[in-house]
Amino acid sequence: MRQISHFIDGVATHIPGVKSPVYNPATGEVSGEVQFASSDTVETVVASARAGATRWRNATMAQRSGVLFRFRQLLLDHADELAALITLEHGKTTPDAHGELARGLESVEYACGLSELLKGSFSSQVADGVDVHSLREPVGVVVAITPFNFPVMVPLWMLANALAAGNAVIVKPSERDPSPSVRLGELLTAAGLPDGVFSVVQGNADVVRQLITHPEVDAISFVGSTPVARSIYETGTQAGKRVQALGGAKNHMVVLPDADLDVAADAAINAAFGSAGERCMAVSIVVAVGGIADALIDAISARMDRLTVGPGHEAGVDFGPVITRESRDRIAQHVVNAAADGVRIVRDGSDLVTRPGFFIGPCLLDGVRPGLASYDEEIFGPVLGVVRVADYASAVSLINNNPYGNGVAIFTRDGNVARHFTRDVTVGMIGINVPIPVPVAAYSFGGWKDSLFGDAHIYGPEGLNFYTRGKVVTTRWPQASDSQIDLGFPRNN
Ligand code: NAD
């Protein structure tokens with residue numbers, strides 16, 4: 001059986017612990033085994049990271065950017081291998097796995113510019129003979145807790161900026177697909193990262209609880225579901241940590257009557273069913289405004305006929321299985337419940353559940369609405385709901401009353417309405433004729449409301465700020481003749 005290790009002091013390290021199976025979702029068979037860290041192992045990892053942080057904060061900028069540049073090249077050299085590992089444990093298609101890696105690489109490339117990004121500022125002669133400069137220092141030991149749905153991209157979102165800033169990073173990957181993080185560690189070591197600066201500790205909620213309250217941990221980046229995000233934020237901040245906790249989503253795609261129907265239908269298909277809908281930026285609700293609903297549903301439904309669902313490594317497959325048997329059954333049950341709630345089931349992909357592996361086909365539900373589980377809950381599968389509303393104002397109020405606020409999109413040919421939309425919605429990431437508006441790495445990623453706890457978005461400039469603390473230094477080199485006794489509060493004039 002393939003054993004999936006921790007990554008401690010620069011090497012993959014096997015330590016016996018409670019065993020947990022890792023499945024190949026395309027076959028339903030166990031493909032490996034991960035052993036969860038004991039409390040002692042967590043202590044070992046944190047001690048190693050603390051020593052690594054002390055070493056790495058004193059590495060020169062040239063040494064740090066050198067490691068990141070070499071790491072970037074190694075990610076490219078090993079792209080096929082990493083994509084295959086993602087597909088094996090997560091199930092997404094090979095092209096989708098390469099897409100995930102490409103978006104993670106963006107964060108590494110952004111962090112390669114650390115000598116520019118970490119520049120402080122300097123003000124000369126703010127008072128007579130007095131200068132001021134600012135600098136940013138690493139926070140210390142950063143814990144990165146990541147979800148199953150992007151086992152390479154989300155760790156890269158976190159580790160790139162955190163390492164660039166001079167921190168040590170401990171990743172606690174999802175127990176569903178824990179291997180890619182270990183491979184990232186090996187590539188970082190090969191890139192010249194000193195031992196202890198990057199670690200991976202395997203485990204579940206118990207390991208997380210120990211990490212987020214550990215006195216030697218300084219900051220916590222979490223990405224996952226909303227209930228866990230909320231609890232990590234509350235526990236972590238109560239323990240005095242800096243926390244950013246990104247949660248779940250229910251992303252709406254508004255289609256106005258003037259939108260190009262084919263463009264909108266293609267976009268809905270891509271954004272709802274790509275990666276089997278297991279993306280936090282997936283479109284899960286289409287909001288059909290005015291009279292466009294029937295034609296739009298027909299256009300989406302016709303395209304669903306052309307989708308191929310199968311093992312992610314096979315050519316020509318549009319989307320693969322979902323992550324677990326429990327997920328598959330939960331998603332299928334949602335469709336059953338929606339029908340019982342009076343929702344029209346336009347397409348039901350549940351017939352695929354009889355295949356080996358964790359498959360469910362694309363589903364389209366017409367007439368979901370607030371108050372029904374099919375609208376209120378994050379289904380996180382290939383299920384697209386349609387809400388019909390009379391006008392633009394009703395679409396905005398639907399979106400703003402939803403507790404989530406991760407992503408949203410509007411499809412229209414009217415630039416003025418689109419511009420108003422960007423100002424009207426209480427959502428962090430907005431697409432205009434772009435269904436999955438994940439910002440490029442020079443901007444930061446984050447939702448509003450129940451989609452993010454804390455005030456820092458992730459990666460990009462806000463990510464770098466999160467992993468650093470500011471200092472401001474005021475300097476004077478007085479001559480003895482300038483010195484005097486003056487107990488007044490110092491004025492600068
Ligand atoms: P999850 O919340 O179940 O798990 C995320 C991480 O937390 C894993 O490492 C897991 O081991 C750990 N964990 C699980 N339960 C815990 C508990 N009770 N206490 C402490 N730690 C716990 O999420 P998931 O199923 O792996 O990922 C899917 C979810 O992540 C979806 O809700 C999706 O929307 C969200 N997500 C959000 C973003 C974003 O950027 N906002 C990105 C990707 C995924």
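Not measured: the values here are computed from a predicted model.

A short note on the overall build of the protein chain
Alright, step 1. Looking only at helices and strands, the protein chain features 16 helices and 23 strands.
Alright, step 2. Radius of gyration (C-alpha) of the protein chain: 25 Å, near the 23 Å computed for a compact globule of 493 residues.
Alright, step 3. Considering only contacts in the protein chain between residues 6 or more positions apart, those separated by 24 or more positions represent 72%.
Alright, step 4. About 20000 Å² of surface is accessible on the protein chain, with carbon and sulfur atoms providing 52% of the total.
Alright, step 5. Of the charged side chains in the protein chain, 39 are positive and 52 negative, and the gap between their average positions amounts to 3 Å.

Thoughts on the sheet that holds strand S23 (residues 468-476)
Alright, step 1. Pairing in this open sheet of 3 strands is antiparallel, and the strands run S6-S7-S23 from one edge to the other. Bordering the open sheet on either side are strand S6 (122-127) and S23, each of which pairs with just one other strand. Neighbour-to-neighbour, the strand axes of this sheet turn through a mean angle of 30 degrees, independent of strand direction.
Alright, step 2. Here S6 runs beside strand S7 (residues 130-138); their pairing, made up of 3 bridges, is antiparallel.

Focus: helix H4 (residues 94-112)
Alright, step 1. Under the 1.5 Å per step criterion, the end-to-end length of H4 is 27 Å for 19 residues, consistent within 8% with the ideal 27 Å.
Alright, step 2. Asp96, Ala97, Glu100, Leu101, Gly104, Leu105, Ser107, Val108, Tyr110, Ala111 and Cys112 are the residues of H4 that are buried.
Alright, step 3. Looking at the buried residues of H4, the elements they touch are helix H2 (61-77), helix H3 (79-89), helix H5 (114-117), helix H6 (153-164) and helix H16 (460-466).

Brief notes about the packing of aromatic side chains
Alright, step 1. Across all of its chains, the model carries 9 aromatic pairs by this definition.
Alright, step 2. Seen in terms of ring centroids, Trp157 and Phe445 are 4.6 Å apart; in terms of plane orientation they differ by 40 degrees. Their pairing is tilted. Note that Trp157 is positioned in helix H6 and Phe445 in the loop between strand S20 (429-432) and strand S21 (448-449), a separation of 288 residues in sequence.
Alright, step 3. When the ring of Tyr392 is compared with that of Phe421, the centres are 6.4 Å apart and the planes differ by 65 degrees; the resulting orientation is edge-to-face. With Tyr392 in helix H14 (residues 392-401) and Phe421 in helix H15 (residues 415-424), the pair connects residues that are 29 residues apart, well separated along the chain.
Alright, step 4. Judged by relative accessible area, Phe421 falls into the buried class, the value being 0%.
Alright, step 5. An aromatic cluster is defined as three or more aromatic residues linked by ring pairs; in this entry it consists of Trp157, Phe445 and Tyr459.
Alright, step 6. The ring of Phe359 carries the charged tip of Arg355 above its face, separated from the ring centre by 5.4 Å.

A short note on the nonpolar core
Alright, step 1. In this structure, Met253, Val254, Val255, Val286, Ile300, Leu384 and Phe421 are the most contacted members of the largest nonpolar core, which totals 64 residues.
Alright, step 2. By residue number, the principal contributor to this core is helix H10 (residues 261-273), which donates 8 residues.
Alright, step 3. If we ignore the near neighbours within four places in the chain, the residues touching Val255 are Ala264, Val286, Val287, Ala288, Val289, Ile292, Leu296 and Phe411.

What about the site of the ligand?
Alright, step 1. The environment of the ligand is formed by 26 residues, the closest being Lys172, Glu175, Ser225, Gly247 and Glu378.
Alright, step 2. Note that an oxygen atom of the ligand is positioned 2.6 Å from one of the side-chain N or O atoms of Glu175.
Alright, step 3. Within the contact set of the ligand, an oxygen atom lies 2.6 Å away from a side-chain nitrogen or oxygen of Glu378.
Alright, step 4. Protein chains shield 85% of the accessible area of the ligand, which is 840 Å² for the free molecule.
Alright, step 5. Residue assignment for the shell around the ligand shows that the elements contributing at least two residues are helix H8 (205-212) and strand S11 (219-223).
Alright, step 6. For the shell around the ligand, the residue count by class is 15 nonpolar, 8 polar and 3 charged.
Alright, step 7. When residues of the shell around the ligand are sorted by domain, at least three fall in each of domain 1 (3-247 + 451-473) and domain 2 (251-432).

Thoughts on the domain arrangement of the protein chain
Alright, step 1. The domain architecture assigned to the protein chain consists of domain 1 (3-247 + 451-473) and domain 2 (251-432).
Alright, step 2. With centres defined by C-alpha atoms, the gap from domain 1 to domain 2 works out at 31 Å.
Alright, step 3. Listed per partner, the contact involves 19 residues of domain 1 and 24 residues of domain 2.
Alright, step 4. With both sides pooled, the region where domain 1 packs onto domain 2 buries about 1800 Å², and carbon together with sulfur makes up 60% of that total.
Alright, step 5. Summed over the shared surface of domain 1 and domain 2, the number is 1 salt bridge.
Alright, step 6. The residue Asp96 makes a salt bridge to Arg279 at a minimum N-O spacing of 2.8 Å.

Side note on the packing of H2 against H6
Alright, step 1. Contact geometry for H2 and H6: axes closest at 9 Å, N-to-C directions at 155 degrees. One way to sum up the angle between H2 and H6 is to call them roughly antiparallel. Together, Arg64, Leu68, Phe71 and Leu75 of H2 and Leu156, Leu159, Ala160, Leu163 and Ala164 of H6 make up the contact between the two elements.
Alright, step 2. Looking at the contact of H2 with H6 residue by residue, the classes come out as 8 nonpolar, no polar and 1 charged.

Some words on the pairing of strand S16 (residues 363-366)
Each regular strand shows side chains that alternate between the opposite faces of the sheet.
Alright, step 1. Side chains Cys363 and Leu365 of S16 all project onto a buried face; the interleaved residues Leu364 and Asp366 project onto the opposite face, where all are buried too.
Alright, step 2. As paired elements, S16 and strand S17 (residues 383-389) share 4 bridges and run parallel to each other. Its bridge partner being in S17, Leu365 is matched across the sheet by Gly385.

Parameters and conventions
- Residues numbered from 1 in each chain as written.
- Predicted model: local features only at pLDDT ≥ 70, side-chain atom pairs only at ≥ 80, totals over all residues.
- Heavy atoms only, no water.
- Helix = DSSP H or I, 4+ residues; strand = E, 2+ residues; numbered from the N terminus.
- Rg over C-alpha atoms; globule rule 2.2 N^0.38 Å.
- Contact = heavy atoms within 4.5 Å.
- Areas by Shrake-Rupley, 256 points an atom, 1.4 Å probe, with all protein chains shown as cover.
- Lys, Arg positive; Asp, Glu negative; His and termini not counted.
- Charge placed at Lys NZ, Arg CZ, Asp CG, Glu CD.
- Pairing = 2+ DSSP bridges.
- Axes fitted to C-alpha atoms, helices over the stretch in contact; angles between N-to-C directions.
- Expected span 1.5 Å × (residues − 1).
- Buried < 20%, exposed > 50% of the residue type's maximum accessible area, 1.4 Å probe, protein only.
- Phe/Tyr/Trp six-rings, centres within 6.5 Å; stacked < 30°, edge-to-face > 60°.
- Lys NZ or Arg CZ within 6 Å of the ring centre and 35° of its normal.
- Core = buried A, V, L, I, M, F, W, Y, C linked by side-chain atoms within 4.5 Å.
- Near = heavy atom within 4 Å.
- Polar contact = N/O pair within 3.5 Å; in protein donor to acceptor, adjacent residues only side chain to side chain.
- Nonpolar A, V, L, I, M, F, W, Y, C, P; charged D, E, K, R; others polar.
- Domains from an automatic or database assignment.
- Buried area = accessible area lost by both parts, 1.4 Å probe.
- Salt bridge = Lys/Arg side-chain N within 4 Å of Asp/Glu carboxyl O.
- Parallel < 35°, antiparallel > 145°, perpendicular 65-115°, else oblique.

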